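One-letter residues, chain by chain:
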Amino acid sequence: MSTMKFCRECNNILYPREDREKRILLYACRNCDHQEVADNNCVYRNEVLHSADERTQVLQDVASDPTLPRTKSVRCANCKHGEAVFFQATSRGEEGMTLFFVCCNPNCGHRWRD
């Protein structure tokens, strides 16, 4: 995994830069002229440590989104709160749209679908 690199001359951060002529990746200082060849071509790596399912698509703070519609006609199965935001989205492997609900209780955040 890539780590931050620092300039040996002035201790500022080194930024990735491409040498198009030599077709290599360099790390260059923006403060002085120091640059060094990268020992690894990986600049950034994002590791997802949870299973990829429909919950991945729902953000944690969706209940506080003022642009989403709210309803008081449903009740959360977890905390019995009487308000939820809702939106439609496609579920993986399914055709058509699915109605998703997210509890508006800030201590709960339970998600379910209709």
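Bear in mind the structure is a predicted one, so any value in this text is a computation, not a measurement.

A. Up close: the overall build of the protein. Per the secondary structure count, the protein includes 0 helices and 7 strands. Going from the N terminus to the C terminus, the protein shows its helices and strands as β-β-β-β-β-β-β. Of all 114 residues assigned to the protein, the portion counted as buried reaches 25%. For the protein, the exposed area adds up to about 8900 Å²; of that, 45% sits on carbon and sulfur atoms.

B. Structural detail: the pattern of salt bridges. Scanning the model with the defined rule gives 4 salt bridges in all. Between Arg 8 and Glu 36 there is a salt bridge, and its shortest N-O distance comes to 4.0 Å. Here Arg 8, found in the segment before strand S1 (14–19), pairs with Glu 36, found in strand S3 (residues 35–37); they are 28 residues apart in sequence, far enough to count as distant. Take Arg 8: its relative accessible area is 66%, and that puts it in the exposed class. A salt bridge links Arg 20 to Glu 18; its shortest N-O distance comes to 3.8 Å.

C. Broad picture of the nonpolar core. Val 62, Ala 63, Leu 68, Val 85, Phe 87, Ala 89, Phe 100, Val 102 and Cys 104 form the largest nonpolar core, which has 9 residues in total. Looking at this core, the elements that each hand over two or more residues are strand S5 (84–90) and strand S6 (97–103). No other element matches the 3 residues that S5 contributes to this core. Counting residues in each nonpolar core, the second largest holds 6 residues, with Cys 7, Leu 25, Tyr 27 and Ala 38 among its members.

Procedures and definitions
Residues numbered from 1 in each chain as written. Predicted model: local features only at pLDDT ≥ 70, side-chain atom pairs only at ≥ 80, totals over all residues. Heavy atoms only, no water. Helix = DSSP H or I, 4+ residues; strand = E, 2+ residues; numbered from the N terminus. Buried < 20%, exposed > 50% of the residue type's maximum accessible area, 1.4 Å probe, protein only. Areas by Shrake-Rupley, 256 points an atom, 1.4 Å probe, with all protein chains shown as cover. Salt bridge = Lys/Arg side-chain N within 4 Å of Asp/Glu carboxyl O. Core = buried A, V, L, I, M, F, W, Y, C linked by side-chain atoms within 4.5 Å.

Note that all results are geometric; they support no functional claim without further evidence.
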